[in-house]
Amino acid sequence: MTALPATAATADAPPVLALRGLQASYAGNRALDLTALQLARGEVVGVVGANGAGKTTLVNAVMGWSRGAPRLAGEVWLNGQRVDAWPTHQRVRAGLLLVPEGKLVFAQMNVEENLAPAVAPPAEPGRHVYSRDEVYALFPRLHERRRHLGGQLSGGERQMLGIARALMMGPRALLLDEPSIGLAPRLVDQVLQTLRTLAAAGLAILLVEQNVRAAIEVVDRLVLLERGRMLLEGPAREVGNDPRIADAYLGGAGVELRA
Amino acid sequence: MNLLQQILNGLVLGHAYALVAIGWTLLLGVARLVNFGHGQMYMLGAFVTWWAVVKAGVPYALALPLAMACGAVLGAAMQRLMLRATFEQNLVSIMIMTLGFGYVIHGAAALVFGSTGQILDTALSRREFALGELWLTGQDLAIVVAAIAVFLGLKWVLDATRVGRLVRMVAEDPKLAQLAGIDVRRVYYGVFAFEGAAVAFAAGMVAPRTPILTSMGFDEVIMTFVVVVFGGIGSVKGSYVAGVALGLFTALFGALVSPAYTTAAAFVVLIALLVLRPGGLGAGSAGGVH
């Protein structure tokens, strides 16, 4: 992979993440029925929708992971490789990382232990395995708190720690489940802007967000889920101005996008 | 004089209890599993050691790792069969299954080793040390040293090594551990193999103190249960303290009150403790292994 010019490589490259006919059901109730969704390198895609629309079910299904016991079907492709039959830890090692909602750090371990990778991620082209110094540079707050237990961290610090741990596994695609929940507005901006920085470095990001207004600011494309189905998909600017989004999530005003 | 000898006996017995219980402590702390076949695995470890030393002429120092290897394989095989129930944390099924494994091990051992009592004699158990009027055997001394070494070793592995960190991650939250890239199934296999090897090692060390029978195991599983619960679930330090305390209690109660009621008395203490301090001695930290 040395001689290929970067542009040719990206043109031929498969999407980082591709989902086809992804379905999940809990005890016979279909919670997710997604026809197709793709993520390219360096792209941030936001998933929005009401409570119970299937946002969390979607990112969990991509990982083949859940704290419940859903029945899954459909295809998950990571970097041109089909991974939906793989156990979760194998998808993680291949570069598919999820920062889950709720409990996302080990409460009884300090920040440094939380960050130490469980397995050394393979050095592959297209994967940047962040070092501890790099994630500390990205989140200086974690460096200050490195001797504190996960359970002693604030909500924002936990999000940073969750993202930092994922980065140290060398993600190809990073899935985030409501990183802004419970955070102060200033922190929401900080966490979301960090995602923009990561995407600029080539990472593909799937961002589940309840805070549609904040999400629109950072995503390239927006997906609206309703009852497990994709209702809308398109560039953030267009979808943000769609009345179905504007009325339900933005108070009918539409969005004034920053250039 | 007599009291000092009883305290010494109690210390040896206590280290024996702690050593027998260590595998279950880890099992409970990491995988939240119980193993009521623990006593029969102890019996099997004792008989494999006995068979290797007496029948096959293997030196005692080699018979121990042989028994540990058998214990580890047996533990991993049991885990293979219980894996689904483990992931579902179906404790009732696991309790019944491990109880069943215990009976199967007992039956198989009786077929292979017969049902007569045997004596596992080691060079250490024939050697006696006297200090004034106090005495103990070389085997007693070896039990104390081995128990301390195993506990310190396990604590060190858990606190300071990569494997220990993975094990603690799985203990705290197996689901989150999967997202951190850990093959949780392998950790469960490893923990159960450790349980099998540890109890076989304990059997090889402790069994020379008494005659061995294929029908034994009940006392061991009960005492282990008391130690593990008393020590606080998943607490390595706690189960060491609990083992030694239980040994002292058993020896002194046997000497001062009546040896016939020691098991019953141990249970009275356990029940009282659970009422007063439900988390056990090592309580304070919320679950996990430490």
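What counts and what doesn't
- Residues numbered from 1 in each chain as written.
- Chains lettered and ligands numbered in written order.
- Predicted model: local features only at pLDDT ≥ 70, side-chain atom pairs only at ≥ 80, totals over all residues.
- Helix = DSSP H or I, 4+ residues; strand = E, 2+ residues; numbered from the N terminus.
- Contact = placed C-beta atoms within 7 Å.
- Nonpolar A, V, L, I, M, F, W, Y, C, P; charged D, E, K, R; others polar.
- pLDDT = per-residue confidence, 0-100.
- Pairing = 2+ DSSP bridges.
- Axes fitted to C-alpha atoms, helices over the stretch in contact; angles between N-to-C directions.
- Core = buried A, V, L, I, M, F, W, Y, C linked by C-beta atoms within 7 Å.
- Buried ≥ 20, exposed ≤ 12 C-beta atoms within 10 Å, placed from the backbone.
- Expected span 1.5 Å × (residues − 1).

Draft legend 1. Region of the structure containing the environment of B:Thr49. Residues and elements named next belong to chain B. Positionally, Thr49 belongs in helix α2 (residues 38-55). Taking C-alpha positions, Thr49 is 5.2 Å from Ala63, a pair spaced 14 residues apart along the chain. If near-sequence neighbours (up to four positions away) are discounted, Thr49 is found in contact with Ala63, Leu64, Ala67, Leu120, Ala203, Gly204 and Ala207.

Draft legend 2. The arrangement of the interface of chain B and chain A in detail. Counting residues at the interface gives 16 residues for chain B and 19 residues for chain A. Among the elements of the structure, α6 (162-172) and α7 (174-179) of chain B are those that each provide at least two residues to the side of chain B that touches chain A. Broken down by element, the residue count for the side of chain B that touches chain A peaks at five residues, all from α6(B). Taken together, the residues of the side of chain B that touches chain A sort by class into six nonpolar, four polar and six charged.

Draft legend 3. Geometry of the confidence of the model for chain A. This prediction gives chain A a mean pLDDT of 88; 92% of its residues lie at or above 70. Here residues 1-9 of chain A is modelled with pLDDT under 50, and outside its nearest four sequence neighbours on either side it reaches two contacts, counting other chains as well.

Draft legend 4. Fine view of the sheet that holds strand β9 (residues 221-226) of chain A. All names here are of chain A. Strand order in the open sheet formed by six strands is β6-β7-β8-β3-β9-β10, with mixed pairing between adjacent strands. Pairing within the sheet leaves two strands with one partner each, and these edge strands are β6 (96-99) and β10 (229-235). Pairwise comparison of adjacent strand axes, ignoring direction, gives a mean angle of 15° for this sheet. The sheet contact formed by strand β3 (residues 44-49) and strand β8 (residues 204-208) spans four bridges and is parallel.

Draft legend 5. Region of the structure containing the nonpolar core. In terms of nonpolar packing, the biggest core is built from 174 residues, with A:Ile205, A:Leu207 and B:Leu19 touching the most fellow members. With 17 residues, helix α8 (residues 184-206) of chain B is the largest single contributor of residues to this core.

Draft legend 6. Main features of the pairing of strand β7 (residues 173-177) of chain A. All names here are of chain A. Among the five residues of β7, five are classified as buried, and the element is accordingly described as predominantly covered. Judged from the four bridges that link them, β6 and β7 form a sheet pairing that is parallel. Residue pairing for β7: Leu97 is matched across the bridge by Leu174. Bridge count between β7 and β8: five bridges; the pairing is parallel. Each residue of the ladder has a partner; that of Leu175, found in β8, is Leu206.

Draft legend 7. Looking closely at the sheet that holds strand β2 (residues 29-39) of chain A. Residues and elements named next belong to chain A. In space, the four strands of this open sheet follow the order β2-β1-β4-β5, with antiparallel pairing throughout. Looking along the sheet, the strands with just one partner apiece sit at the ends: β2 and β5 (81-82). Sheet topology places strand β1 (residues 17-26) next to β2; nine bridges connect them, and they run antiparallel. The residue of β2 that forms the bridge with Tyr26 is Asn29. Running over the sheet, helix α2 (residues 55-63) touches β1, β2 and β4 (71-78) and is turned about 70° from β2.

Draft legend 8. Inspection of helix α9 (residues 218-230) of chain B at higher detail. All names here are of chain B. The first and last C-alpha atoms of α9 sit 18 Å apart over 13 residues, in line with the 18 Å expected at 1.5 Å per residue. Of all 13 residues that make up α9, 10 are buried, and the element is covered over most of its length. Within α9, burial applies to Glu220, Val221, Met223, Thr224, Phe225, Val226, Val227, Val228, Val229 and Phe230. Residues of α9 that are buried make contact with α1 (2-31), α2, α10 (236-256) and α11 (262-276).

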